[in-house]
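Observations on chain architecture
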Amino acid sequence: MRKLTKRSAAVVVGSVLAITGGTAAFAYVQGWFRGTSTTYAATSTIGDLTAVIDVRTGSANNFYPGKIVELHNVTVNNPNDYKVKILEVTSVAVTGGGDCDQTKAGFSFPELNTTTVFNSGANPAIDLGDLKMSTDADPVCAAKGGLTVTATLKGDIAP
Amino acid sequence: MKAWRTAVTVAATLATAFIVAGGQPSDADGQTMMLTHGGRDSHGNVRFTVIGQPVSGLYPGATREIKITVVNPFGFPLSLRTLDGSLVGTNRRACPATRSTLRVAGYSGLLPITIKPYGRSTLPGTILVTMPRDATPHCSNTKLQISLTGIGGKAGR
């Protein structure tokens, strides 16, 4: 019984020392205060690039249904503050052709330059790829020398 | 049994003495104000308020400054000793919360800074966040969560 009492006393004293140690630490720390919060940093949404193709000039002035033209010297505008690459064409608009709009002309890009890195702002003299007039383009689009094709291009940040 | 009772009594006395001593403030008035006006976190620690202004428009290579406001809920001057930020999360799985996505620098101003009792102060320095040039493109249009932590004490302590 005496041996058990000593062991119990040792356990109790050990516990007390642990408690007092922790308490002393708390007493030391309690003069310090903590302030925490969370805030956010949002990354940019990539703005669409635009390419304006004037089909009146160069080799692109004689479109007819199904014709494919390689696009050279196209100016691509990157509205972002950073470099991007083109992923895909999201929309095409045709202007300057009177009744001939995109629904009637059906322009598409069977080939698209997805490797060039575009700087912020205007990027001149770009080989953009191939532009094709639909095989079933409306005859109203025939003999339209003043068509302007504007392509909206989805981009991705270039590393 | 007598030894047992003695040990328990001594232990209880010691524990009581230390707990009372630990709970007593070195400055009774300051401690009272702290307990009355300070908030407490989930661990029961008294805390003050740090507010970080959100930033936007980050892209690879870009740097933004997070402005910090500290609110002192105590009735004594608070001396802000340290202030740090760290990236803790994103809302896009493909854009991990790592240093390759965003680097969060330490507070750029001089410390310590004293905030008046019950005062609110926008700090002269900022915390810079920089998106590395080689950050993954998957991080576009992403919300990055930054944790801010400040440590302070009673001014003049």
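Residues numbered from 1 in each chain as written. Chains lettered and ligands numbered in written order. Predicted model: local features only at pLDDT ≥ 70, side-chain atom pairs only at ≥ 80, totals over all residues.

1. Let's talk about the overall build of chain A
- Of the regular secondary structure elements, chain A holds two helices and 10 strands.
- When the elements of chain A are put in sequence order from the N terminus, they spell out α-β-β-β-β-β-α-β-β-β-β-β. (Helix = DSSP H or I, 4+ residues; strand = E, 2+ residues; numbered from the N terminus.)

2. What about the overall build of chain B?
- Secondary structure summary: chain B contains two helices and nine strands in total.
- Listing every helix and strand of chain B by position from the N terminus yields α-α-β-β-β-β-β-β-β-β-β.
- Taking all contacts inside chain B whose residues are at least 6 apart in sequence as the whole, residues at least 24 apart take part in 71%. (Contact = placed C-beta atoms within 7 Å.)

3. A closer look at the confidence of the model for chain A
Residue and element names in this part refer to chain A.
- In this model, chain A carries an average pLDDT of 82, and 77% of its residues clear a pLDDT of 70 or more.
- Across chain A, the secondary-structure element scoring lowest on mean pLDDT is helix α1 (residues 2-29), at 50, and the one scoring highest is strand β6 (residues 108-112), at 96.
- In this model, residues 16-29 is a region of pLDDT below 50 whose contacts with residues beyond four sequence positions or in other chains number 15 contacts. (pLDDT = per-residue confidence, 0-100.)

4. Some remarks on the sheet that holds strand β10 (residues 148-157) of chain A
Residue and element names in this part refer to chain A.
- The six strands lie next to each other as β7-β5-β10-β2-β4-β8, forming an open sheet whose pairing is antiparallel. Because the sheet does not close on itself, it has two edges, and the strands there are β7 (117-118) and β8 (121-126).
- Taken together, the 10 bridges between strand β5 (residues 84-95) and β10 define a ladder with antiparallel strand orientation. Paired with Val89 across the two strands is Leu153, which belongs to β10. (Pairing = 2+ DSSP bridges.)

5. Brief notes about unusual backbone geometry
- With an omega of 5°, the peptide bond between Leu111 of chain B and Pro112 of chain B qualifies as cis.
- Not every positive phi belongs to a glycine, and Ala125 of chain A is a case in point at roughly 55°.
- When you line up the elements, Ala125 of chain A lands in strand β8.
- Its 9 C-beta neighbours within 10 Å are what place Ala125 of chain A among the exposed residues. (Buried ≥ 20, exposed ≤ 12 C-beta atoms within 10 Å, placed from the backbone.)

6. Overview of the nonpolar core
- Ranked by internal contacts, the top residues of the largest apolar core, which has 58 residues, are Ala51, Ile53 and Val149 of chain A together with Val129 of chain B.
- With four residues, β10 of chain A is the single largest residue contributor to this core.
- In this structure Val129 of chain B touches Ala41 of chain A together with Val55, Thr63, Arg64, Ile66, Leu102, Arg103, Val104 and Ile146 of chain B, once residues within four positions along its chain are discounted. (Core = buried A, V, L, I, M, F, W, Y, C linked by C-beta atoms within 7 Å.)

7. Examining the pairing of β5 of chain A
- In terms of strand pairing, β5 of chain A meets β7 of chain A through two bridges, oriented antiparallel. Directly across from Val84 of chain A, in β7 of chain A, lies its bridge partner Phe118 of chain A.

8. Re the sheet that holds strand β3 (residues 68-71) of chain A
All names here are of chain A.
- Strands sit in the order β3-β9-β6 across an open sheet of three strands; the sheet is antiparallel. Looking at which strands have only one partner, the edges of the open sheet turn out to be β3 and β6. In this sheet, neighbouring strand axes are inclined to one another by 25° on average, regardless of whether the strands run parallel or antiparallel.
- Relative to strand β9 (residues 129-132), β3 runs antiparallel, the two sharing four bridges. Residue pairing across strands places Ile68 opposite Lys132, the latter belonging to β9. (Axes fitted to C-alpha atoms, helices over the stretch in contact; angles between N-to-C directions.)

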